[in-house]
Amino acid sequence: MVAVSVKRVVVVGGNFGGLAAALELKQELGDDVAVTVVSASDRFLFNPSLIWLPFGKRKAPDITFPLAPTFDAHGVEFVHAEATAIDPTARMVTIAGGAQFAYDYLIVATGYRNDFDVVPGLGPDGFAQAITTLPDAERAGAAWRDFLDDPGPVVIGATQGASCFGAAYEFLFNMAYQLRKAKLKQHTSLTFLTAEPFVGHFGIGGLPGGEKLLKMFLKKEGITVRTGVAFEEVGGDYVKLTDGSKVPFAYAMVVPPFVGQDVVRAVPGLTDGKGYIPVEDTYQSKAYPEIYAAGIAAQVPVPWQTSVPIGIPKTGFPTESMAKVAARNVAAAIRGEAPVAHKEFGEMAAVCMMDAGNNGVLILADHMLPPRKAAVMIPGPQVHAMKLAFEKYYLWKSRHGYVRLP
Ligand SMILES: Cc1cc2nc3c(=O)[nH]c(=O)nc-3n(C[C@H](O)[C@H](O)[C@H](O)COP(=O)(O)OP(=O)(O)OC[C@H]3O[C@@H](n4cnc5c(N)ncnc54)[C@H](O)[C@@H]3O)c2cc1C
């Protein structure tokens, strides 16, 4: 009998996309595949809860868990290291320190990095806070505590090219709630500056009745809104827009655009100008058939033009779907079968709970992007409770590796 060598799959990134892809693949193929996850972080991070961290409602241990025990329990090799190079010809991933991992198939789930360069004055050395990574949110928390001692106007925003609008809105409404709790609401102003063409576009073309509903909430909270804006500069106490106007602040949180990670960008022909990987509906790279991409690392073409460019949010639910599609197709390729799963991003269902401190809005749609047959927005305090419960459920199911639950 001729020994059949076990195929090696390397997954780079171990968060929403990487965890789901690695576990799904292992469940598909068991001992017929050797899966290695290389992750720069040794912990899973439930990014949606970063909106609460600056206000002290969550700390890092509440919204993270160590990845190694989960992967160990499911027969996946876990390497805590940054991947520094991918060689698509030699089919090799190099990690910091120089060790190399050969692969037959590679799944890229490296997510995003903040592009603070888009506007001077953003980023850790700048003047506006961010909440899009754990260190950003921790810094935003320190700045919030300082603000409470010396309050003033508050600006929340999302720049040109941004895509994570949901988080900007959630932070905005949580801010309104926290200002009220701190009895500062009457003494401060709250301004929302967004590159979206209209309130509630969210980077997904808006939802029926969404603009009206959000405008009602914004009015109720006394929030001033400017849509379709582009940021020119953030100074020590002001945001300057490209129309020349200046908005003063004592506290600002601005969501920047996301781009793909440098290690992926460096692979010739693999990515677009933003560092995202163009993929087929099988989540297979258009340039290298043995490379797959899932989550934010995968390119989703923007199907419309806006006067100020904005991106499409690749949220947790579609990320997990993409990861499972990619994993099932890698499994099919290993079995020598044709791809089994196909799903375009725009046709995936949209399920999102937007939090507002003690209230929220549930968004359900049959498709992420228009045209849609069904879409609803359901507001109410029950959504806040659902979001709290979902965080616990998602961390629990991910820690235990239950990727096949709905
Ligand atoms: C503030 C905020 C709020 C959000 N709220 C929601 C929400 O309410 N609902 C929702 O559905 N989605 C939400 N999202 C989006 C959700 O977090 C993303 O969809 C999800 O994180 C995408 O998963 P991913 O695996 O593609 O990328 P990521 O979660 O970014 O994971 C990428 C992983 O790759 C690792 N990595 C990066 N580079 C390397 C490298 N060179 N080598 C090895 N490892 C590397 C990183 O350390 C990270 O662990 C929110 C996001 C943010 C930032």
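Predicted, not measured: the structure shown is a model, and the values here were computed from it. Throughout, a residue's number is its position along its own chain's written sequence, starting from 1. Where totals are concerned, whole chains, interfaces and linings use all residues; where local detail is concerned, this predicted model gives features only for residues with pLDDT of at least 70, and gives and counts side-chain atom pairs only at 80 or more. To get the side-chain values, all heavy atoms of the structure are used, and hydrogens and water are removed first.

## A word on the overall build of the protein
Regarding its fold elements, the protein presents 8 helices and 22 strands. Only C-alpha atoms enter the radius of gyration; for comparison, a globular chain is expected to reach 2.2 Å times N to the power 0.38, where N is the number of residues. Relative to the compact-globule value of 22 Å for 406 residues, the protein shows a C-alpha radius of gyration of 21 Å, a close match. For the protein, the spread of C-alpha atoms along the principal axes amounts to about 80 × 45 × 40 Å. Within the protein, the fraction of its 406 residues that count as buried is 56%. Positive residues here are Lys and Arg, negative ones are Asp and Glu, while His and the chain termini are left out of the count. Just so you know, the charge point we use is NZ for Lys, CZ for Arg, CG for Asp and CD for Glu. Here the protein carries 37 positive and 39 negative side-chain charges, and the mean point of each set is 7 Å from the other. Secondary structure is summarised from DSSP: a helix means a run of H or I of at least four residues, a strand means a run of E of at least two, and numbering begins at the N terminus for each. The rule is simple: take the accessible area with a 1.4 Å probe, protein chains only, and divide by the maximum for that residue type; under 20% is buried, over 50% is exposed, in between is partly exposed.

## What about the domain arrangement of the protein?
Partitioning the protein into structural domains gives domain 1 (7-112 + 260-346) and domain 2 (116-258). Just the C-alpha atoms count here: the centres of domain 1 and domain 2 sit 29 Å apart. Facing 20 residues of domain 1, the contacting portion of domain 2 comprises 33 residues. A 1.4 Å probe defines the accessible area here, and the buried area is the portion of it lost by two parts on being joined, summed over both. Between domain 1 and domain 2, roughly 2,200 Å² of surface is buried when both sides are summed, and carbon and sulfur atoms account for 71% of that area. Contact with domain 2 buries area across many residues of domain 1, yet I51, P54 and F55 alone supply 29% of it, more than any other trio. The source of the domain bounds is an automatic or database domain assignment. For this analysis, residues touch if any pair of their heavy atoms sits within 4.5 Å.

## A closer look at the site of the ligand
Close to the ligand lie 33 residues, the nearest being G17, A83, K314, G316 and K387. Within the contact set of the ligand, a nitrogen atom lies 2.8 Å away from a backbone nitrogen or oxygen of A83. Identification of polar contacts relies on pairs of N or O atoms within 3.5 Å, with a donor-acceptor requirement for protein atoms, meaning one able to donate a hydrogen and the other able to accept it, and with residues adjacent in sequence counted only if both atoms are side-chain atoms. Contacts to the ligand include T315, whose backbone N or O atom sits 3.3 Å from an oxygen atom. Across the complex, the protein chains shield 91% of the 1,000 Å² of accessible surface that the ligand would expose by itself. Of all the elements in the fold, those that place two or more residues in the shell around the ligand are helix 1 (16-29), strand 2 (33-39), helix 4 (165-181) and helix 7 (316-335). It is helix 7 that provides the largest number of residues to the shell around the ligand, a total of 3 residues. Taken domain by domain, the makeup of the shell around the ligand includes at least three residues from each of domain 1 (7-112 + 260-346) and domain 2 (116-258). Any residue with a heavy atom positioned within 4 Å of a molecule or strand is treated as near that molecule or strand. Accessibility throughout is a Shrake-Rupley quantity obtained with a 1.4 Å probe, and a residue counts as covered only by protein chains that appear here.

## As for empty space enclosed by the protein
Put plainly, a pocket is an open set of points on a 1 Å grid over the protein atoms alone with protein on both sides within 12 Å along at least five of seven lines, a cavity is a set where a 1.4 Å probe fits but cannot get out, and a lining residue has an atom within 4 Å of a point. Grid points are joined across faces, edges and corners, and a volume is the space filled by probe spheres set on the points. According to the stated counting rule, one finds 1 cavity of 30 Å³ or more in the structure shown. Approximately 60 Å³ is the volume attributed to the largest cavity. F16, L19, A20, F44, E320, Y394, K397, S398, Y402 and V403 are the residues that line the largest cavity. Among the elements of the structure, helix 1 and helix 8 (381-399) are those that each provide at least two residues to the lining of the largest cavity.

## Some details on the state of the cysteines
Cysteine sulfur atoms that come within 2.5 Å of each other are treated as a disulfide pair. One pass over the structure, following the stated rule, counts 0 disulfides. Cysteine C164 is unpaired, with the sulfur of C352 as its nearest cysteine sulfur at 9.5 Å. Judged by relative accessible area, C164 falls into the partly exposed class, the value being 22%. A residue is classified by how much of its surface remains accessible, and C352, at 31% relative accessible area, is partly exposed.

## Some points on the environment of G273
Mapped onto the secondary structure, G273 falls in the loop between helix 6 (262-265) and strand 19 (291-293). Sequence separation between G273 and V259 is 14 residues, and the spatial gap between their C-alpha atoms is 8.9 Å.

## Describing unusual backbone geometry
Cis rather than trans, the peptide bond between P370 and P371 has omega equal to 0°. Even without being glycine, K183 reaches a positive phi, approximately 60°. The residue F202 is not glycine, and still its phi comes out positive at about 60°. Position of F202 relative to the elements: it lies in the loop between strand 12 (190-194) and helix 5 (210-220). Of the residues examined, F202 reaches a relative accessible area of 5% and is grouped as buried.

## Quick word on helix 7
The span one expects for a helix is its residue count, reduced by one, times 1.5 Å. With 20 residues, helix 7 extends 29 Å from end C-alpha to end C-alpha; this agrees with the ideal 28 Å at 1.5 Å per step. Where helix 7 terminates, the next one or two residues include G336, which has phi positive at roughly 80°.

## Points about the nonpolar core
Counting 122 residues, the largest nonpolar core has M175 and Y251 as the members making the most contacts within it. Counting residues per element, this core draws most heavily on helix 4, which supplies 10 residues. Each of domain 1 (7-112 + 260-346) and domain 2 (116-258) contributes no fewer than three residues to this core. Contact partners of M175, with chain neighbours within four places excluded, come to F55, W144, V154, I156, L190 and Y251. To qualify as a nonpolar core, a set must consist of buried Ala, Val, Leu, Ile, Met, Phe, Trp, Tyr and Cys residues joined through side-chain atoms within 4.5 Å. Ranked by size, the runner-up nonpolar core spans 16 residues in total, among them F231, L241, A252 and V254.

## Some points on the sheet that holds strand 12
Note on pairing: two strands pair once DSSP finds at least 2 bridges between them. Sheet architecture is open: 4 strands sit in the order 13-12-11-17, paired in parallel fashion. Bordering the open sheet on either side are strand 13 (223-226) and strand 17 (251-255), each of which pairs with just one other strand. On average, each strand axis in the sheet is tilted by 15° relative to the strand beside it, whichever way the strands run. In terms of strand pairing, strand 11 (residues 154-158) meets strand 12 through 5 bridges, oriented parallel. Between the N-to-C directions of two axes lies an angle of 0 to 180 degrees, each axis being a line fitted to C-alpha atoms and, for a helix, fitted only over the stretch in contact.

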